[in-house]
Amino acid sequence: MQTVAGLLRLYVYHMKMGISSAMIYRADFITGIFVSIFVSGIGPFVQFLYFTHTRGYPEWTLNQILLFQGLLLLWFGLRDLLFGQVRNTVMDMVWKGDFDRLLLKPYPTVGLLLCSGFQLHGIGSCIAGVLVTVLAFHRLDVSINLWTVPLLIVALICGVVLFMAITIFYCSIVIMLIQISRISELFDRITDFANYPVNIYPLALRVVMIVFLPFAVWTYYPTQILLDRLDYGIWFALAGCVGVFYLSIKVWYLCLKMYTSAGG
Amino acid sequence: MDEIIIKVQGLRKTFKKLRKKEGFLSSFRSLLIRDFERIHSVKGIDMEIRKGEIRGIIGPNGAGKSTTIKMLSGILFPTEGTVDVMGFTPWLDRERYVRHLGVLFGQKSQLWWDLPPIDTFLLIKEMYRIPEEDFKARLNRFKSMLQIERIIYQPVRTLSLGERMKCELVCAVLHEPPLVFLDEPTIGLDIVSKETIREFIKQMSRDKQTTFIVTTHDLADIENLCDRVTIINKGTIVFDDSMERLSSYFSNRKVVEIKFTQPVEEKLLDSYKVISSGAMSVSIEIDTGEFDLKKVIFEILDRFPVLDVNIMNIPIEEVIKHIYSHEEKVVGYGEKVGVG
């Protein structure tokens, strides 16, 4: 528990240093945020075009999809803010042998890697996500129950845990194979399945996305919670997140033993 | 200084490395078929290091120094052997062990490039949970010892190499670890910065009984800092003894530096083993097992217009060059055992 608290403190410290560092270059900082908001806004617009020019998604109205898109953008932003830098950091560190430095710090190395993941660019998606979600709330007249907020918080925590697990799998592969640049794209394409409501997929894929790789916890279930049409699948998804995280830690420690460092 | 804090027995490390022939076709072939070879980087090292000691570890490139240090610091798992550092097995108790360890890699930085060093120091304070009072006291002490009062508030990218290295050193010792590994701490530095860093290390060792393990290619570091030196070559220890022993390694060979009052013809010196010569000076090597040193000196004084004579041991560079090139293992206090 002390280690987790220490890592959280370190995360906050790294985050402050990351922001301070980014603010040194003001032009880059400001344009970065604007570009990020602009790029993030394209997603909902494409979805809007798709929805209005096709038959849309079964069981989803335009405003419901707007809410889904708002939450999706919010999740993208949060994910990038929290751990957006990890992939670049680990690849660079392992390749150059700088990963040694993490092994000399009194914390779990994977925790330190995740701590170094803060990426300010995610702020743009967050802002865009909040705007689209507020608009969807306004158009849908969403009612908040007593259990809505706690459930959303649990879903958010499990979503973060699942994303941490996926990031840890990625880092484990890098530790083992050192240079595998396009693995990042593979991970992205797989997680892209979460960009659409789970109920549009065939049953087998739906089971995978709820139980084994429970991406549904990122956007699909939070949207369902707000729309008050939750199903029991969420409990499988929450448990799945913890399971995948446990597995990722096991794989990490196995791969860490194979770390060979770089020449001295 | 009698307490042994590092005990290494039979340490070995074998790496599996890709072997690729030259050329494009070979690259293409290696996509399908890969040849690996087993490289024995460390082939059985035994070593003991005492508390408060400054130990130099030297060896030619690829000798196995860094691999040994990486195993001692818990970065790499060994293939075989045992290591006990302050009661810890580094690679098994890594998280607890590294709390008591400071490391400086001369060629790698842990300072945040765009921020002043003070921000990295504060991060280290947070990481090692250094109490505020201790942090302030230590930082003030280090600032005056290394003369970095002003530079710790300037962005790292604007600092010189020497200034950065001093800050890296602070990062390594801010939590006052009892054991510090320094990997090439003076690489690329000017003579003044080198001297400041060496003084800092000596003072830390004196005041806090900190044990330092220094790997370097700069023999001045070894001569100015170390109590004992371990030479590693081809994965094994070939010398492990005090600096005095290393300096007098060729105890039966002396170098005599002679300055003349007027130029001396070269051919007159033909009967001596001349190492170097100038218009008004010469250095000759004398094998004291073969010749009587006193007699030779008197002969020189008698034959030549001598202004000054200086008798020295064989320079340490020559000793080390000899040890690197001859696989002759020196065990303990001067006992020689041929291994190759």
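The rules behind these values
- The numbering scheme is per chain: residues are counted from 1 as the chain's sequence reads.
- Whichever chain is written first is A, and whichever ligand is written first is 1; the rest continue in order.
- For a predicted model such as this one, the threshold for reporting local features is a pLDDT of at least 70, and the threshold for listing and counting side-chain atom pairs is 80 or more; totals across whole chains, interfaces and linings nevertheless cover every residue.
- Computation of side-chain values covers all heavy atoms of the structure but excludes hydrogens and water.
- Each helix corresponds to a stretch of at least 4 residues labelled H or I by DSSP, and each strand to a stretch of at least 2 residues labelled E; elements are numbered beginning at the N terminus.
- Burial classes: relative accessible area under 20% of the type maximum marks a residue as buried, over 50% as exposed, and values in between as partly exposed (1.4 Å probe, protein chains only).
- Here a residue-residue contact requires only that any non-hydrogen atoms of the pair lie within 4.5 Å.
- Only the protein chains shown count as cover for residues, and the accessible areas themselves come from Shrake-Rupley with a 1.4 Å probe.
- When charges are tallied, Lys and Arg are placed among the positive residues and Asp and Glu among the negative ones, while His and the ends of the chain are skipped.
- Every charge is mapped onto a representative atom, which is NZ of Lys, CZ of Arg, CG of Asp or CD of Glu.
- Domain start and end points were adopted from an automatic or database domain assignment.
- When two parts are put together, the accessible area they lose, computed with a 1.4 Å probe and summed over both, is reported as buried area.
- Any Lys or Arg side-chain nitrogen located within 4 Å of an Asp or Glu carboxyl oxygen qualifies as a salt bridge.
- For a helix, the expected span equals 1.5 Å multiplied by the number of residues minus one.
- Stacked, tilted and edge-to-face are the three classes assigned to paired rings of Phe, Tyr and Trp, where Trp is represented by its six-membered ring and a pair needs centres within 6.5 Å; plane angles under 30 degrees give stacked, over 60 edge-to-face, the rest tilted.
- Any Lys NZ or Arg CZ found within 6 Å of a ring centre and within 35 degrees of that ring's normal is scored as a charge over the ring.
- A pair of strands counts as paired when DSSP detects no fewer than two bridges linking them.
- Under this scheme, a helix contributes an axis fitted over its contacting stretch, all axes are lines through C-alpha atoms, and angles between N-to-C directions fall in the 0 to 180 degree range.
- Nonpolar cores are built from buried Ala, Val, Leu, Ile, Met, Phe, Trp, Tyr and Cys residues. Side-chain atoms within 4.5 Å join them into one set.
- Should an angle fall under 35 degrees it is called roughly parallel, over 145 degrees roughly antiparallel, and 65 to 115 degrees roughly perpendicular, with every other angle called oblique.
- Amino acids outside the nonpolar list (Ala, Val, Leu, Ile, Met, Phe, Trp, Tyr, Cys, Pro) and the charged list (Asp, Glu, Lys, Arg) are all regarded as polar, and Gly is one of them.

(A) Geometry of the overall build of chain B. Per the secondary structure count, chain B includes 11 helices and 15 strands. By the burial criterion, 48% of the 340 residues in chain B qualify as buried. Restricting to contacts in chain B with at least 6 residues of sequence separation, those with at least 24 account for 71%. For chain B, the accessible surface area stands at approximately 17,000 Å², while carbon and sulfur atoms represent 50% of it. On chain B, the mean spot of the 50 positive side-chain charges and the mean spot of the 51 negative ones are 6 Å from each other.

(B) The domain arrangement of chain B, seen in detail. Here chain B is described as being made up of domain 1 (4–247) and domain 2 (253–313). A straight line from the C-alpha centre of domain 1 of chain B to that of domain 2 of chain B covers 43 Å.

(C) Representation of the interface of chain B and chain A in the model. In this complex, chain B contributes 29 residues to the contact, which on the side of chain A involves 34 residues. Between chain B and chain A, the buried area comes to about 3,000 Å², and carbon and sulfur atoms account for 61% of it. Together, E126(B), M127(B) and R129(B) form the three largest contributors to the area buried by chain B at its contact with chain A, with a combined 20%. Summed over the shared surface of chain B and chain A, the number is 2 salt bridges.

(D) Layout of helix α6 (residues 161–173) of chain B. All names here are of chain B. With 13 residues, α6 should reach 18 Å at 1.5 Å per residue; the first-to-last C-alpha distance of 19 Å fits that figure. Of all 13 residues making up α6, 10 are buried, and the element is well covered by its neighbours. The complete set of buried residues in α6 reads G162, M165, K166, C167, E168, L169, V170, C171, A172 and V173. Along its buried surface, α6 packs onto β5 (101–105), α4 (117–127), α5 (132–146), β6 (179–183) and α7 (191–208).

(E) Layout of the packing of aromatic side chains. In total, this model carries 17 aromatic pairs over all chains according to the counting rule given. On the numbers, 6.3 Å between centres and 55° between planes, the contact of W60(A) with Y220(A) is tilted. In this pair, W60(A) sits in the loop between α2 (26–53) and α3 (62–83) while Y220(A) sits in helix α11 (residues 220–226), placing the two residues 160 residues apart along the sequence. Both residues of the pair, W60(A) and Y220(A), belong to the buried class. Ring centres of W75(A) and W218(A) lie 5.4 Å apart, and the angle between their planes is 20°; on these two criteria the pair is classed as stacked. Highlighted residues: W75(A) in helix α3 and W218(A) in the loop between α10 (203–212) and α11, separated in sequence by 143 residues. Residue classification places W75(A) among the buried positions, given a relative accessible area of 5%. Taken together, Y11(A), W75(A), F83(A), F163(A), F215(A) and W218(A) form an aromatic cluster joined through their ring pairs. Across the ring face of W60(A), the terminal group of R229(A) is positioned such that the distance to the ring centre comes to 4.5 Å. The positively charged end of R99(B) is found above the aromatic ring belonging to Y107(A), 5.9 Å away from the centroid.

(F) Structural context of the sheet that holds strand β10 (residues 253–260) of chain B. Residue and element names in this part refer to chain B. Read from one edge of the open sheet, 4 strands run β11-β12-β10-β13, paired in antiparallel fashion. Among the strands making up the open sheet, the edge pair consists of β11 (273–277) and β13 (306–313). Adjacent strand axes in the sheet meet at a mean angle of 25°, parallel and antiparallel pairs treated alike. Pairing analysis gives 7 bridges linking β10 to strand β12 (residues 281–287), with the strands arranged antiparallel. Within the sheet, the bridge partner assigned to R253 lies in β12 and is D287. Sheet contacts for helix α10 (residues 293–303): β10, β12 and β13; angle to β13, the most-contacted strand, approximately 160°.

(G) The arrangement of the nonpolar core in detail. Ranked by internal contacts, the top residues of the largest apolar core, which has 166 residues, are F99(A), F121(B) and L246(B). With 14 residues, helix α8 (residues 148–177) of chain A is the largest single contributor of residues to this core. Formed by 13 residues, the second largest nonpolar core is a distinct cluster that contains I258(B), V264(B), V282(B) and I300(B).

(H) Representation of the packing of α5(B) against α7(B). All names here are of chain B. Running from N to C, α5 and α7 point in directions that differ by 140°, and their axes come no closer than 10 Å. Accordingly, the angle class assigned to the pair α5 and α7 is oblique. In contact with R141, F142, M145 and L146 of α5, α7 contributes T196, F200, Q203, M204 and K208. Residue composition of the contact of α5 with α7, by class: 5 nonpolar, 2 polar and 2 charged.

(I) Structural view of the sheet that holds strand β1 (residues 4–19) of chain B. Residues and elements named next belong to chain B. Ordered by their spatial adjacency, 3 strands build an open sheet running β2-β1-β4, and the pairing between neighbours is antiparallel. The two strands at the open ends of the sheet, each matched to only one other strand, are β2 (35–50) and β4 (80–85). Taken pair by pair, the neighbouring strands of this sheet meet at an average axis angle of 25°, ignoring direction. Helix-sheet contacts for helix α2 (residues 65–72) involve β1, β2 and β4, and the interaxial angle to β1 is about 120°.

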